[in-house]
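Residue strings, one per chain:
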Amino acid sequence: MKRSQTLVAALALATAAMTTAIPAAQAQTFKAGSLEIIAPHAAATRPGQMSDGGFMTIRNTGDAPDYLIGAKGAFADTLQVHRTVVDANGVAKMLPIPELKIPAHGEVKLEHGSYHVMMMGLKRQLTKGEAVPVTLIFKTAGEVTVDFTIDGGIMDKMKMQMKSGG
Ligand SMILES: [Cu+2]
């Protein structure tokens, strides 16, 4: 009896974790002034893969907007803020965003199919479980270095959904 209750609780926790971008145990929040950078993460790369996308939520608790104007990291040649847009022909394209507004008392989600930090010219493979320092550059807050948690990426999430039958 007790064992089955534990199992039910574990299943409920697993289901709750799947609805968020990454498991809660990996989520980290970084603070700089009035900004909170929540759960920065990127997918592990394959050998030879040259680019990857970084995702997070940026929250602004302040009374004035701030702007993400760039990023840098030692493991890649170039980091850019991108937005994925779908054109009239249904083709997804990525456009560089010179400044991404983080509204006062608001937040912006960088997520698949939308805004992301594009990491180009990767100098090495990014391995699941490691933390990679990335410096985000804001107009007001300045340079903020956070750790991107490298996760299994979308393939891991698909496998989890297949196992759960969802
Ligand atoms: Cu991109």
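Residues numbered from 1 in each chain as written. Predicted model: local features only at pLDDT ≥ 70, side-chain atom pairs only at ≥ 80, totals over all residues. Heavy atoms only, no water.

Q: Is there a simple way to explain the overall build of the protein chain in this structure?
A: Along the protein chain, the regular secondary structure elements total two helices and 11 strands. The order of α-helices and β-strands along the protein chain, N terminus first, is α-β-β-β-β-β-β-β-β-β-β-β-α. In the protein chain, buried positions account for 37% of the 166 residues. Within the protein chain, counting contacts between residues at least 6 apart in sequence, those at least 24 apart form 64% of the total. (Helix = DSSP H or I, 4+ residues; strand = E, 2+ residues; numbered from the N terminus. Buried < 20%, exposed > 50% of the residue type's maximum accessible area, 1.4 Å probe, protein only. Contact = heavy atoms within 4.5 Å.)

Q: What's the story with the coordination of the copper ion in this structure? I'm lost.
A: Four donors placed tetrahedrally about a metal ideally form angles of 109.5 degrees, and six donors placed octahedrally ideally form angles of 90 or 180 degrees. Around the copper ion, the protein contributes the donor atoms His82 (ND1), Met94 (SD), His116 (NE2) and Met118 (SD), at 2.1 to 2.3 Å from the metal centre. Each of the four donor atoms around the copper ion contributes to a set of angles spanning 93 to 121°, which defines the coordination as tetrahedral. Taking the relative accessible area as the measure of exposure, His82 reaches 6% and is therefore buried. (Donors = N, O, S within 2.8 Å, 3.2 Å for Na, K, Ca; no water. Tetrahedral: all angles 85-135°; square planar, octahedral: opposite > 155°, others 65-115°.)

Q: How do you make sense of the pairing of strand S4 (residues 66–72) when you look at a structure like this?
A: Where a strand is regular, its side chains alternate between the two sheet faces. With three bridges joining them, S4 and strand S7 (residues 100–102) adopt antiparallel strand pairing. What sits directly across from Asp66, in S7, is Ile102. As judged from the four bridges shared by S4 and strand S10 (residues 131–138), these two strands associate in the antiparallel manner. Residue pairing in the sheet places Ala71 in a bridge with Leu136 of S10. (Pairing = 2+ DSSP bridges.)

Q: Honestly, the side chain of His41 in this entry has me stumped. Any pointers?
A: Position of His41 relative to the elements: it lies in strand S2 (residues 35–43). There is a polar contact of 2.8 Å between the side chain of His41 and the backbone oxygen of Ala39. (Polar contact = N/O pair within 3.5 Å; in protein donor to acceptor, adjacent residues only side chain to side chain.)

Q: I keep staring at the nonpolar core and nothing clicks. Help me out?
A: Grouped together as the largest cluster of nonpolar side chains are 31 residues, with contacts concentrated most on Ile37, Leu100, Leu110, Leu136 and Phe138. Once residues lying within four places of it in the same chain are set aside, the contact partners of Ile37 are Gln28, Thr29, Phe30, Met56, Thr57, Ile58, Leu136, Phe138, Val144 and Val146. (Core = buried A, V, L, I, M, F, W, Y, C linked by side-chain atoms within 4.5 Å.)

Q: Is there a simple way to explain the packing of aromatic side chains in this structure?
A: Each aromatic ring pair is specified by the distance between its two centres and by the angle formed by the two planes. Per the counting criterion, the structure on display carries zero aromatic pairs. Here the guanidinium or amino end of Lys139 rests over the ring plane of Tyr67, the centre of that ring lying 4.7 Å away. (Phe/Tyr/Trp six-rings, centres within 6.5 Å; stacked < 30°, edge-to-face > 60°. Lys NZ or Arg CZ within 6 Å of the ring centre and 35° of its normal.)

Q: I'm lost on the pattern of salt bridges in this one. Help?
A: Two side chains bearing opposite charge may form a pair once their charged atoms approach each other closely. Using the criterion set out here, one finds seven salt bridges in the structure. The partner of Lys139 in a salt bridge is Glu99, with the nearest N and O atoms 2.8 Å apart. Here the residue Lys139 occupies a position in the loop between S10 and strand S11 (142–151), and Glu99 occupies one in the loop between strand S6 (92–96) and S7, the gap between them amounting to 40 residues. On the accessibility criterion, Lys139 (49% relative accessible area) is partly exposed. The closest approach of N and O atoms between Glu107 and Lys109, which form a salt bridge, is 3.1 Å. Exposure remark for Glu107: the relative accessible area of 33% places this residue in the partly exposed category. Linked through salt bridges whose partners overlap, the residues forming this network are Glu36, Arg59, Glu107 and Lys109. (Salt bridge = Lys/Arg side-chain N within 4 Å of Asp/Glu carboxyl O.)

Q: Would you mind going over the environment of Gly54 with me for this structure?
A: Along the polypeptide, Gly54 turns up in strand S3 (residues 51–60). Gly54 gets classed as buried once you look at its relative accessible area, which sits at 0%. Taking the C-alpha atoms as reference, Gly54 lies 9.6 Å from Leu79; in sequence the two are 25 residues apart. Residues contacting Gly54, with those up to four places away along its chain left out, are His41, Ala42, Leu110, His116, Val117, Met119 and Phe148.

Q: Mind showing me how you'd approach the pairing of strand S8 (residues 106–110) here?
A: Burial of S8 is one-sided: the residues Gly106, Val108 and Leu110 facing one way are buried, the residues Glu107 and Lys109 facing the other way are not. The pairing of S3 with S8 spans five bridges and is classified as antiparallel. Within the sheet, the bridge partner assigned to Thr57 lies in S8 and is Lys109.

Q: When you look at unusual backbone geometry in this model, what are you seeing that I'm missing?
A: With the exception of glycine, the majority of residues adopt a negative phi angle, and the majority of peptide bonds are in the trans configuration. Located in the positive-phi region is Ala39, a residue other than glycine, with phi close to 50°. The phi angle at His105 is positive, at roughly 50°, despite the residue not being glycine. Mapped onto the fold, His105 is located in the loop between S7 and S8.

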